[in-house]
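Listed here are the chains, written in short residue letters.
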Amino acid sequence: METTNYASTTTSAVRNRYARATTAVAAVLSLTLAGVSIHAASAEIEKPAVLKTIEKEGITIVGNVLPAPKGMTGWAGYQGTQPLAFYVAPDGQVIVGTVFNAKGEDMTRGPLQSAVSDAMSRGIWGQLEKSRWIADGKATAPRVVYVFTDANCPYCNLFWNAARPWVDSGKVQLRHVMVGIITPTSQAKAAALLASADPAQALFQHEKDNIEARKAARPAGMKPLESGVKPLADIPPAIKQSLNANLELMMNMGIRSTPGVVWRDEKGNVRVHPGVPQDLAEIFGPA
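Below: a short report on this structure. (Residues numbered from 1 in each chain as written. Predicted model: local features only at pLDDT ≥ 70, side-chain atom pairs only at ≥ 80, totals over all residues. Heavy atoms only, no water.)

Some details on the overall build of the protein
(1) Moving on: Assigned secondary structure in the protein consists of nine helices and 13 strands.
(2) Moving on: Among the 287 residues that make up the protein, the fraction classed as buried is 45%.
(3) Moving on: Of all intrachain contacts in the protein linking residues separated by at least 6 positions in sequence, the fraction that spans at least 24 positions is 70%.
(4) Moving on: As presented, the protein carries roughly 13,600 Å² of accessible surface, and 53% of it is formed by carbon and sulfur atoms. (Helix = DSSP H or I, 4+ residues; strand = E, 2+ residues; numbered from the N terminus. Buried < 20%, exposed > 50% of the residue type's maximum accessible area, 1.4 Å probe, protein only. Contact = heavy atoms within 4.5 Å. Areas by Shrake-Rupley, 256 points an atom, 1.4 Å probe, with all protein chains shown as cover.)

The following block contains the structure:
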């Protein structure tokens, strides 16, 4: 099963945001240092002004903990699910990227992941907890899994159905972070579910109805579903705001399709899987 560890990659789109934060930032994919000495992070020092500016763009700077070229300081940080290494020069300019020593060894990856792992996991999980979601399963379930769900997504319905043994047995609670991205009625359907008197029951009935619709459409492939809950004609502003916030959170986590499954592994690290996972036991535990 292919999964994404939240601390594994850095995207050019994110780097571009940092570059726009200040004219003193030079966004670079990698910095190869041949014959240049690398020194370990020194004792705690005051955060440079340029990093304080970058933090205003939604980036979190963890601390001065990275090995850096002589004369520079190395700072670990992250934005969403993207870890980033910042190397600050004496003149205040910043290089964002990876340092390799003269032997071609990556001096950044290990220290960076160690530095941001706990902070990122806590931050991401905290954002998910505060998002607008619908509970699916018992509140006493020992394992919680978040899933970004579109009401018209046939793969979301497939995942919902496959998860029944774990949810029905009380082992897992799914928390559906509702988004509307697939069809023009997706957001209105998500709003209808959130606005219902009993969102959990409304979601259950919606997904149950969609099982039959998905099976009926199977010869034609996994097309968007238009059955289930009736779209809400007028979306209340508060629900509209929640749905937009959910979508922004989904995008910030690097998830571009539904379902987007998010859970914590045995070490407490946040893991992300876009699409329907093949091995549910890896996420949910034994059935």
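Here the narrative resumes, following the displayed structure.
Regarding the nonpolar core
(1) Moving on: Counting residues in each nonpolar core, the largest one holds 28 residues, and the members touching the most others are Tyr-87, Val-116, Leu-128, Phe-148, Met-253, Ile-255 and Val-262.
(2) Moving on: Taken together, the elements giving at least two residues each to this core come down to strand S6 (73-79), strand S7 (82-88), helix H3 (109-130), strand S10 (143-150), strand S11 (172-179), helix H8 (237-252) and strand S13 (270-274).
(3) Moving on: Examining the composition of this core, we find that eight residues originate from one element, H3, more than from any other.
(4) Moving on: If you look at the next biggest cluster of nonpolar residues, it comprises 13 residues, including Val-147, Trp-166, Val-172 and Trp-263. (Core = buried A, V, L, I, M, F, W, Y, C linked by side-chain atoms within 4.5 Å.)

Topic: the environment of Arg-132
(1) Moving on: Structurally, Arg-132 can be placed in the loop between H3 and strand S9 (133-136).
(2) Moving on: Along the sequence, Arg-132 and Leu-243 sit 111 residues apart, while their C-alpha atoms lie 7.5 Å from each other.
(3) Moving on: Residues in contact with Arg-132, not counting those within four places in the same chain, are His-176, Val-177, Met-178, Leu-194, Ala-238, Ile-239, Ser-242 and Asn-246.
(4) Moving on: Only 3.3 Å separates the side chain of Arg-132 from the side chain of Ser-242, close enough to count as a polar contact. (Polar contact = N/O pair within 3.5 Å; in protein donor to acceptor, adjacent residues only side chain to side chain.)

Description of H3
(1) Moving on: Compared with an ideal rise of 1.5 Å per residue, which puts 22 residues at 32 Å, H3 spans 30 Å between its outermost C-alpha atoms and is within 8% of the ideal.
(2) Moving on: Restricting attention to buried positions, one finds in H3 the residues Leu-112, Ala-115, Val-116, Ser-117, Ala-119, Met-120, Ser-121, Ile-124, Trp-125, Gly-126 and Leu-128. (Expected span 1.5 Å × (residues − 1).)

A short note on the pattern of salt bridges
(1) Moving on: Throughout the structure, instances matching the rule amount to five salt bridges.
(2) Moving on: A salt bridge links Glu-55 to Lys-47; the nearest nitrogen and oxygen atoms lie 3.1 Å apart.
(3) Moving on: Judged by relative accessible area, Lys-47 falls into the partly exposed class, the value being 25%.
(4) Moving on: Between Arg-164 and Asp-136 there is a salt bridge; the shortest N-O distance is 2.5 Å. Taken together, the residues Arg-164 in helix H5 (residues 164-168) and Asp-136 in strand S9 connect sequence positions 28 residues apart. (Salt bridge = Lys/Arg side-chain N within 4 Å of Asp/Glu carboxyl O.)

Some thoughts on the side chain of Asn-64
(1) Moving on: Note on placement: Asn-64 falls in strand S4 (residues 60-66).
(2) Moving on: Accessibility expressed as a relative area gives 4% for Asn-64, which makes it buried.

As for the packing of aromatic side chains
(1) Moving on: Under the defined criterion, the tally for this structure stands at five aromatic pairs.
(2) Moving on: Plain terms: the ring middles of Trp-133 and Tyr-146 are 6.3 Å apart, the flat faces sit at 80° to each other, and that makes the pair edge-to-face. Of this pair, Trp-133 sits in strand S9 while Tyr-146 sits in strand S10, and the two are 13 residues apart along the sequence.
(3) Moving on: Ring centres 5.6 Å apart and planes at 65° place the aromatic pair Trp-160 and Phe-204 in the edge-to-face group. Of this pair, Trp-160 sits in helix H4 (residues 154-162) while Phe-204 sits in helix H7 (residues 199-217), placing them 44 residues apart in sequence.
(4) Moving on: When its relative accessible area of 3% is taken as the criterion, Trp-160 is described as buried.
(5) Moving on: Taken together, the ring pairs in this structure connect Trp-125, Trp-133 and Tyr-146 into an aromatic cluster.
(6) Moving on: For the cation-ring pair, Arg-164 lies above Trp-160, with the distance from its terminal atom to the ring centre recorded as 4.0 Å. (Phe/Tyr/Trp six-rings, centres within 6.5 Å; stacked < 30°, edge-to-face > 60°. Lys NZ or Arg CZ within 6 Å of the ring centre and 35° of its normal.)

A word on the pairing of S6
(1) Moving on: The element S6 is largely enclosed, with a buried count of seven among its seven residues.
(2) Moving on: Along S6, one buried face is formed by Thr-73, Trp-75, Gly-77 and Gln-79 and the opposite face, lined by Gly-74, Ala-76 and Tyr-78, is buried too.
(3) Moving on: Bridging between S4 and S6 involves four bridges; their strand directions are antiparallel. Bridge pairing in S6 links Gly-63 to Ala-76.
(4) Moving on: Pairing analysis gives seven bridges linking S6 to S7, with the strands arranged antiparallel. (Pairing = 2+ DSSP bridges.)

Section: the environment of Val-272
(1) Moving on: Checked against the element boundaries, Val-272 lands in strand S13.
(2) Moving on: The class of Val-272 is buried, set by a relative accessible area of 4%.
(3) Moving on: When the C-alpha positions of Val-272 and Thr-81 are compared, they lie 9.4 Å apart, and in sequence the two are 191 residues distant.

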